[in-house]
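Chain and residue survey
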Amino acid sequence: MSKFTKAAVIGHPVKHSKSPMIHQYWIEKYGFEGSYEAIDIAPETLDDGIKKLVDDGYKGFNVTIPHKESLMAICDEISHNANVIGAVNTVTIEDGKLHGQNTDGFGFIHNILQNTGNFEFKGKRAAILGAGGATRAIASALIGEEIEQIVLLNRTKERAEKLAEDIAFVSDIIVVEDWEKRSAVLEGIDLLVNATSLGMDGQHPLEIDLGALPETALVNDIVYSPLQTQLLKDAQARDLHTVTGIGMLLHQARPAFKSWFGLLPDVTDELTTMVSA
Ligand SMILES: NC(=O)c1ccc[n+]([C@@H]2O[C@H](COP(=O)([O-])OP(=O)(O)OC[C@H]3O[C@@H](n4cnc5c(N)ncnc54)[C@H](OP(=O)(O)O)[C@@H]3O)[C@@H](O)[C@H]2O)c1
């Protein structure tokens, strides 16, 4: 039996994906015989595209925009995490069956752990800006880490309410359009996370007064392009500890690699520098 392992990322478009760089780095570093490529599959050919991957003996694939939600209906089995989030970002193929999971929450937690060394989530209060797919992953991962409270702030109230209902934990919902209230709610918050697309290259910056955050607070922006967002610069100007978003991207890839190659790889400084460039 061939030991060569084939994996891929599927999306449309998919050229922009940094996943091939990450997985190819690990394949080489750990000396596996395998490949990881970016495969463009348009939504109207998704079923056929996936069937071809199964027929061609792929061990699995990552899923990016716009297929993450569609895979929920296509997979034969969905992990608890992916069910809560409503999106699949990693698929493993076993005996022709598709097993879907979502590793974004793992990526979020391990990015913070690696970059702080000792951040203790248990018993802490977190505020998350946003109520999209990324917030779902982060909120459910924080619950898994026994966070004490999550305050959710989002522009669209209904979306935040739906998220709160689905994960049945969020203690407070603040609507972002009320700017003053948004700043005031940061009092007593231990961890502030931006999970909106604000601050991304080509988007408006995230403007928020961080004055009410305790001086021990940690600020994390999951936007990684640019690496140093305005939010992180504002936090650094207040001498707050900050963590960038690139590590979440790198850490979320680790469980996927393990599912296919059998080894949980490390996020090294070399890989971080390479992918950040
Ligand atoms: N580092 C990583 O590994 C990683 C992983 C996943 C995602 N991300 C990044 O995280 C961000 C969110 O991803 P997602 O998948 O959750 O996206 P999404 O499902 O499209 O959600 C986008 C969120 O941003 C908010 N938003 C967008 N434009 C806004 C504006 N002008 N003012 C206020 N709020 C605005 C939306 O609010 P409404 O509900 O009001 O529309 C929503 O809460 C993206 O930048 C993505 O690249 C990073």
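Residues numbered from 1 in each chain as written. Predicted model: local features only at pLDDT ≥ 70, side-chain atom pairs only at ≥ 80, totals over all residues. Heavy atoms only, no water.

Looking at the sheet that holds strand β11 (residues 218–221)
Our working definition: Two strands qualify as a pair provided that DSSP identifies no fewer than 2 bridges between them. Helix and strand definitions follow DSSP, with helices as H or I runs of at least four residues and strands as E runs of at least two, each counted in order from the N terminus. Fitting a line to C-alpha atoms yields each axis, with helices limited to the stretch in contact; the angle taken between N-to-C directions then spans 0 to 180 degrees. What makes two residues a contact is simply this: any of their non-hydrogen atoms within 4.5 Å.
With parallel pairing, the six strands of this open sheet are ordered in space as β9-β8-β7-β10-β11-β12. Each of the sheet's edge strands pairs with one partner strand only, and the pair in question is β9 (172–175) and β12 (241–243). Each strand of the sheet is rotated relative to its neighbour by a mean of 20 degrees, with strand direction disregarded. In this structure, β11 lies alongside β12, joined through three bridges in parallel fashion. Each bridged residue has a counterpart across the sheet, and for Leu 218 the counterpart in β12 is His 241. Where helix α7 (residues 157–167) meets the sheet, it contacts β8 (149–154) and β9, and its direction lies at approximately 155 degrees from that of β8. Most of the contacts of helix α9 (residues 230–237) go to β11, to which it runs at about 165 degrees, and overall it touches β10 (191–194), β11 and β12.

Examining the packing of helix α6 (residues 133–144) against α7
Our working definition: Crossings are sorted by hand: turned counterclockwise from the far helix by less than a right angle, the near helix makes the crossing left-handed, and turned clockwise it makes it right-handed.
It is the contact of α6 with α7, at a shortest axis distance of 11 Å, that shows an interaxial angle of 35 degrees. In the crossing of α6 with α7, the sense of the turn from one axis to the other is right-handed. Side by side, α6 and α7 meet where Thr 135, Arg 136, Ala 139 and Ile 143 of the first sit next to Lys 162, Leu 163, Asp 166 and Ile 167 of the second.

A few points about the domain arrangement of the protein chain
The condition is simple: Here the limits of each domain have been adopted from an automatic or database domain assignment. A simple way to read buried area is as the amount of 1.4 Å-probe accessible surface that goes missing from two parts once joined, with both sides added. Criterion for a salt bridge: a side-chain nitrogen of Lys or Arg within 4 Å of a carboxyl oxygen of Asp or Glu. Polar contact is defined as a pair of N or O atoms within 3.5 Å, subject to the rule that within protein one atom must be able to donate a hydrogen and the other to accept it, and that residues adjacent in sequence are counted only when both atoms are side-chain atoms. Charged means Asp, Glu, Lys or Arg here, nonpolar means Ala, Val, Leu, Ile, Met, Phe, Trp, Tyr, Cys or Pro, and polar covers whatever is left, Gly included.
Taken domain by domain, the protein chain comprises domain 1 (5–102 + 248–276) and domain 2 (105–244). Measuring from the centre of the C-alpha atoms in domain 1 to the corresponding centre in domain 2 gives 26 Å. Across the boundary between the two partners, domain 1 contributes 13 residues, which contact 15 residues of domain 2. Here domain 1 packs against domain 2, burying approximately 1,200 Å² in sum over the two surfaces, 66% of which is carbon and sulfur. Contact with domain 2 buries area across many residues of domain 1, yet Ile 85, Met 248 and His 251 alone supply 50% of it, more than any other trio. Our enumeration of links across domain 1 and domain 2 arrives at zero salt bridges. For the pair domain 1 and domain 2, the number of links is three residue pairs in polar contact (both at pLDDT 80 or more). Of all the elements in the fold, those that place two or more residues in the side of domain 1 that touches domain 2 are α4 (80–85) and α10 (246–261). Among the elements that take part in the side of domain 1 that touches domain 2, α10 stands out by supplying six residues, more than any other. Across the side of domain 1 that touches domain 2, the residue classes break down as six nonpolar, five polar and two charged.

Digging into unusual backbone geometry
Omega for the peptide link from His 12 to Pro 13 comes to 5 degrees, which places this bond in the cis form. Its location among the elements puts Pro 13 in the loop between β1 (5–11) and α1 (19–29). Omega for the bond connecting Ser 225 with Pro 226 falls within 30 degrees of zero, at 10 degrees, which places this linkage in the cis form. For Pro 226, the location among the structural elements is in the loop between β11 and α9. Of note, the phi angle at Asp 95 is positive, near 50 degrees, even though the residue is not glycine. If you trace the backbone, Asp 95 turns up in the loop between β5 (90–94) and β6 (97–101). Despite not being glycine, Asp 239 has its phi angle at roughly 65 degrees, a positive value. Among the secondary structure elements, Asp 239 is positioned in the loop between α9 and β12.

Quick word on the packing of helix α5 (residues 104–116) against α10
Selection criterion: Angles below 35 degrees are treated as roughly parallel, those above 145 as roughly antiparallel, those between 65 and 115 as roughly perpendicular, and all remaining angles as oblique.
One can describe the packing of α5 onto α10 by two numbers: an axis separation of 7 Å at closest approach and a directional angle of 120 degrees. Of the possible angle classes, the one that applies to α5 and α10 is oblique. Crossing geometry of α5 relative to α10 is assigned as right-handed. Contacts between α5 and α10 pair Asp 104, Phe 106, Gly 107, Phe 108, His 110, Asn 111 and Gln 114 from the former with Gly 247, Met 248, His 251, Gln 252, Arg 254 and Pro 255 from the latter. Class assignment for the residues of the contact of α5 with α10 results in four nonpolar, seven polar and two charged.

Things to note about the site of the ligand
Using the following cut-off: Throughout this document, a residue counts as near a molecule or strand when at least one of its heavy atoms sits within 4 Å of that molecule or strand. Computed by Shrake-Rupley with a 1.4 Å probe, the accessible areas treat only the displayed protein chains as cover when residues are assessed.
Contacts to the ligand come from 20 residues, most closely from Ala 131, Ala 134, Asn 154, Arg 155 and Thr 156. Here Asn 154 contributes a side-chain N or O atom positioned 2.7 Å from an oxygen atom of the ligand. Ile 222 is positioned with one of its backbone polar atoms (N or O) 2.9 Å from a nitrogen atom of the ligand. In isolation the ligand has 930 Å² of accessible area, and contact with the protein removes 76% of it. Taken together, the elements giving at least two residues each to the shell around the ligand come down to α6 and α10. Grouping the amino acids of the shell around the ligand by side-chain chemistry returns 10 nonpolar, eight polar and two charged.

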